[in-house]
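Geometric and topological summary
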Amino acid sequence: MDEADKSGREKWSLSEGALMLFNNDDDNGDRIPDWRDGDVNGESDVEDLAIVNIQLAENYRDAQIYISTDTDVTSYINVFQKTESGWQPVDISGTEALIPREKIVLGVEAKQFADRNWKGVVNLKAIAEKNGRQIASDSIQIGVVPWLMSPNTAAVKELHVSERGYANQEFIDKIREIIEKTGATAKINPGGTTWMQDTQEIGYVQFPSQGKMRNMNVALKANRPGENDRYARSLLKENFGWFEVGKPRQLDPLNRWADAYGNLEVTPPLPGYPMGRVYYGKAGEVGMNPDIIDFIKAQRIQGPPVDVDTSWLMIRHVDEIISFIPSKFGKPLMLIVSPEAGVKLLEELSEEGYGQAAINRGLSTQTTVRAALKNSKLIQHNLYLQREKLNPLIEKLKQEFNLSDDQIIQVPAMFGYSGYSWWPNMVNSVVINGELLVSNPGGALINGRDYTEEKFRRLVADSSLNINFMDDGYYQQLRGNVHDATNTTRLGKNHPFWESLSDNMSEFRVQNLDVTGMR
């Protein structure tokens with residue numbers, strides 16, 4: 001016990017004070033998150049506890065010691081006492097005394113993250129009594145670690161994709177080939193959901209343990225009506241958590257995909273947002289499930305979330321409009337679809353004498369450059385989208401994300417009247433450890449090279465990524481692309497969130513904090 005511990009233990013913020021973990025991994029392999037079983041499952045589970053030491057002066061050692069909280073938090077935390085026979089549950093109502101010990105060791109775990117109903121902080125109080133009379137007390141505030149989302153630029157451990165038989169076999173084979181050289185693992189889910197991105201959001205938590213920081217991946221299950229999102233829970237294991245927030249809701253047909261997680265993304269670190277900032281798609285009054293948005297706000301690090309107008313899209317997911325990739329210069333680059341750039345690309349081809357070249361090759365929308373340009377309704381629709389939807393959005397995101405013009409890359413795209421990507425959407429892409437998986441746009445072949453692919457390569461030249469154009473025609477016909485079809489388990493940041501939020505961490509004493517003062 002030192003003065004730093006003593007002065008800091010009764011106050012708490014995200015950058016200062018004791019932390020506990022929402023213990024939602026599965027250390028004993030029973031397929032149940034550890035917080036639910038009311039037990040400590042071996043040494044690996046002990047590492048998931050915040051350790052609180054109560055040291056008693058000699059004249060208090062014959063006192064009875066009780067634990068209480070300032071409010072009823074039995075729904076939010078479990079407390080255990082270390083004994084010769086193992087870790088025993090502790091009554092935190094202040095009515096049942098602890099097992100007498102010269103040095104009392106408690107372990108604390110949270111049973112959920114902070115949300116709209118709970119700020120995530122408890123005031124744990126130790127009370128000494130003799131002959132039914134309170135003679136001393138001391139307390140400590142402990143806060144639950146926040147759940148954090150991983151950006152598209154973070155290092156990848158695993159890529160998840162479903163095998164749909166012959167239809168996407170070429171796509172799967174290409175992924176295996178690329179992943180093998182990145183150090184990541186491809187997790188192929190036979191017969192699983194087509195849209196792996198929508199079934200879960202794999203984030204992470206950071207917490208201190210024995211003087212070191214640990215990162216642990218934690219999957220948030222999607223709430224999609226009519227869908228069985230069991231895949232997220234299948235990932236539950238030791239040091240890989242799983243949880244859910246809210247319940248599926250019934251939405252109108254136009255917005256029925258709003259709660260899938262292709263509609264929930266986070267930026268890389270940005271000025272003012274060292275852990276990134278969450279953004280999501282919104283169509284009129286309908287956006288991501290309010291339970292999820294309030295949950296993100298309650299984490300207080302990657303919010304407040306930014307809403308993006310997706311009302312003009314068929315699927316209405318934000319990952320159809322925006323994605324982020326790393327650059328050679330440290331600042332992230334934002335890719336954003338540009339219907340105007342799509343029209344200009346066709347005009348360039350026509351001016352260079354390639355009006356008869358085929359575009360959207362192999363797709364139901366295959367046509368020629370000349371025929372597309374003669375379709376005045378299609379051209380005017382896309383110019384309207386740029387003028388009324390994309391240009392205002394760019395200005396909004398420059399402010400919300402603190403982006404400079406040189407960080408914004410407008411990627412050629414075109415959209416049909418009902419809001420589907422008219423050729424494969426190159427923004428809907430995935431970064432995997434220096435490799436970019438992006439849709440093969442099926443552009444005009446000029447001297448054996450895809451004109452649209454070459455345009456994209458020039459646009460992202462500052463990224464230093466190796467570009468892999470994927471044949472995702474199977475997904476394109478179903479109105480999705482590479483990012484929609486995949487999901488990723490990414491490494492958390494090496495730098496702890498509490499130091500990112502504050503440079504003055506000299507009083508931050510977490511897992512081995514002593515609750516004392518009983519002299």
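These remarks concern the structure in this document. (Residues numbered from 1 in each chain as written. Predicted model: local features only at pLDDT ≥ 70, side-chain atom pairs only at ≥ 80, totals over all residues. Heavy atoms only, no water.)

Topic: the overall build of the protein chain
- For the protein chain, the helix and strand inventory stands at 12 helices and 29 strands.
- Taking the principal axes of its C-alpha atoms as reference, the protein chain extends roughly 95 × 45 × 45 Å.
- Classification of the 519 residues of the protein chain by burial places 58% in the buried group.
- Considering only residue pairs separated by 6 or more positions, the protein chain has 74% of its internal contacts joining residues 24 or more positions apart.
- Averaging the locations of the 56 positively and 72 negatively charged side chains of the protein chain gives two centres separated by 3 Å. (Helix = DSSP H or I, 4+ residues; strand = E, 2+ residues; numbered from the N terminus. Buried < 20%, exposed > 50% of the residue type's maximum accessible area, 1.4 Å probe, protein only. Contact = heavy atoms within 4.5 Å. Lys, Arg positive; Asp, Glu negative; His and termini not counted. Charge placed at Lys NZ, Arg CZ, Asp CG, Glu CD.)

A closer look at the sheet that holds strand β9 (residues 156-163)
- Reading across from one edge, β10-β9-β28 is the order of the 3 strands in this open sheet, with mixed pairing throughout. Of all the strands in the sheet, the pair left with one neighbour each is β10 (185-190) and β28 (486-490). Ignoring which end each strand starts from, the neighbouring axes of this sheet average 20 degrees apart.
- By the bridge criterion, 6 bridges tie β9 to β10 in an arrangement that is parallel. Note on β10: the bridge partner recorded for Leu 159 is Ala 186.
- Sitting on the sheet, helix α3 (residues 169-180) is in contact with β9, β10 and β28, with an inclination near 165 degrees to β9. (Pairing = 2+ DSSP bridges. Axes fitted to C-alpha atoms, helices over the stretch in contact; angles between N-to-C directions.)

A few points about the packing of aromatic side chains
- This structure, assessed with the given rule, holds 19 aromatic pairs.
- Both rings, one in Trp 195 and one in Tyr 475, keep their centres 5.8 Å apart while their planes meet at 55 degrees; by these two values the pair is tilted. Separated by 280 residues along the polypeptide, Trp 195 in the loop between β10 and β11 (200-209) and Tyr 475 in helix α10 (residues 473-477) bring together distant segments of the chain. Here Trp 195 and Tyr 475 have matching classes, each one buried.
- One aromatic cluster is present, formed by Phe 22, Trp 35, Phe 113, Trp 147, Phe 243 and Phe 295 through successive ring pairs. (Phe/Tyr/Trp six-rings, centres within 6.5 Å; stacked < 30°, edge-to-face > 60°.)

Here's the deal with the nonpolar core
- If you look at the biggest cluster of nonpolar residues, it comprises 65 residues, and the most contacted ones within it are Met 20, Ile 77 and Phe 113.
- Looking at this core element by element, the count peaks at 5 residues for helix α5 (residues 290-299).
- With near-sequence residues (within four places) excluded, Phe 113 lies in contact with Phe 22, Asn 24, Trp 118, Val 144, Val 145, Pro 146, Trp 147, Val 205, Val 218, Phe 243, Phe 295 and Gln 299.
- Core analysis: the second largest hydrophobic core is formed by 38 residues, Val 306, Leu 313, Leu 385 and Val 438 among them. (Core = buried A, V, L, I, M, F, W, Y, C linked by side-chain atoms within 4.5 Å.)

Considering the packing of helix α6 (residues 339-351) against helix α8 (residues 376-400)
- For the pair α6 and α8, the least separation of the axes is 7 Å and the interaxial angle reads 145 degrees. Here Pro 339, Glu 340 and Val 343 of α6 lie close against α8, whose contacting residues are Ile 379, Asn 382, Leu 383, Leu 385, Gln 386 and Leu 390.
- In the contact of α6 with α8, the residues fall into 6 nonpolar, 2 polar and 1 charged. (Nonpolar A, V, L, I, M, F, W, Y, C, P; charged D, E, K, R; others polar.)

Comments concerning the sheet that holds strand β3 (residues 64-69)
- Strands sit in the order β1-β8-β7-β3 across an open sheet of 4 strands; the sheet is mixed. The open sheet is flanked by β1 (18-20) and β3, the only strands paired with a single partner. Within this sheet the neighbouring strands show an average axis-to-axis angle of 35 degrees, counted without direction.
- When β1 meets strand β8 (residues 133-144), the two strands line up parallel, connected through 3 bridges. Within the sheet, the bridge partner assigned to Met 20 lies in β8 and is Val 144.

Some thoughts on the packing of α6 against helix α9 (residues 451-459)
- Where α6 contacts α9, the two axes come as close as 11 Å, and the packing angle between them is 120 degrees. By the angle between their directions, the pair α6 and α9 is classed as oblique. With respect to the hand of their crossing, α6 and α9 are arranged in right-handed fashion. Contacts between α6 and α9 involve Leu 345, Glu 348 and Leu 349 on the former and, on the latter, Tyr 451, Thr 452 and Lys 455.
- In terms of residue class, the contact of α6 with α9 is made up of 3 nonpolar, 1 polar and 2 charged. (Parallel < 35°, antiparallel > 145°, perpendicular 65-115°, else oblique. Left-handed = near helix turned anticlockwise from the far one by under 90°.)

Describing the pattern of salt bridges
- Evaluated as defined, the whole model comprises 20 salt bridges.
- A salt bridge links Arg 214 to Asp 48, with the shortest nitrogen-to-oxygen separation between them at 3.2 Å. Linking Arg 214 in strand β12 (residues 212-221) with Asp 48 in the loop between α2 (42-46) and β2 (50-55), this pair joins segments that are 166 residues apart in sequence. Assigned by exposure class, Arg 214 and Asp 48 land together as buried.
- Across the pair Arg 116 and Asp 294 runs a salt bridge, and its minimum N-O distance is 2.8 Å. Of this pair, Arg 116 sits in the loop between β6 (103-110) and β7 (121-130) while Asp 294 is found in helix α5, placing the two residues 178 residues apart along the sequence.
- Residue class for Arg 116 comes out partly exposed when judged on its relative accessible area of 47%. (Salt bridge = Lys/Arg side-chain N within 4 Å of Asp/Glu carboxyl O.)

Focus on the side chain of Asp 319
- Among the secondary structure elements, Asp 319 is positioned in the loop between β17 (306-309) and β18 (322-325).
- Apart from the residues lying within four places of it in its own chain, the contact partners of Asp 319 are Gln 197, Gly 262, Glu 265, Asn 428, His 483 and Asp 484.

Brief notes about unusual backbone geometry
- Between Gly 303 and the following residue, Pro 304, the backbone shows a cis peptide bond with an omega angle of 0 degrees.
- With respect to the helices and strands, Pro 304 occurs in the loop between α5 and β17.
- We note that Arg 31 has phi near 65 degrees; this positive angle belongs to a residue other than glycine.
- Along the chain, the position of Arg 31 falls in the loop between β1 and α2.
- You can call Arg 31 partly exposed: its relative accessible area is 39%.
- Of note in the backbone geometry, Asn 433 takes a positive phi value of approximately 50 degrees without being a glycine.

With respect to the pairing of β7
- Here β3 pairs with β7 via 6 bridges, running antiparallel. In the strand pairing of β7, Ile 67 is matched with Ala 126.
- By the bridge criterion, 10 bridges tie β7 to β8 in an arrangement that is antiparallel. Note that in β8 the partner of Asn 123 across the bridge is Gln 141.
- Hairpin remark: β7 followed by β8, antiparallel, with 2 residues in the connecting loop; positive phi at Asn 131, about 55 degrees.

None of the figures reported here should be taken as evidence of function without further support.
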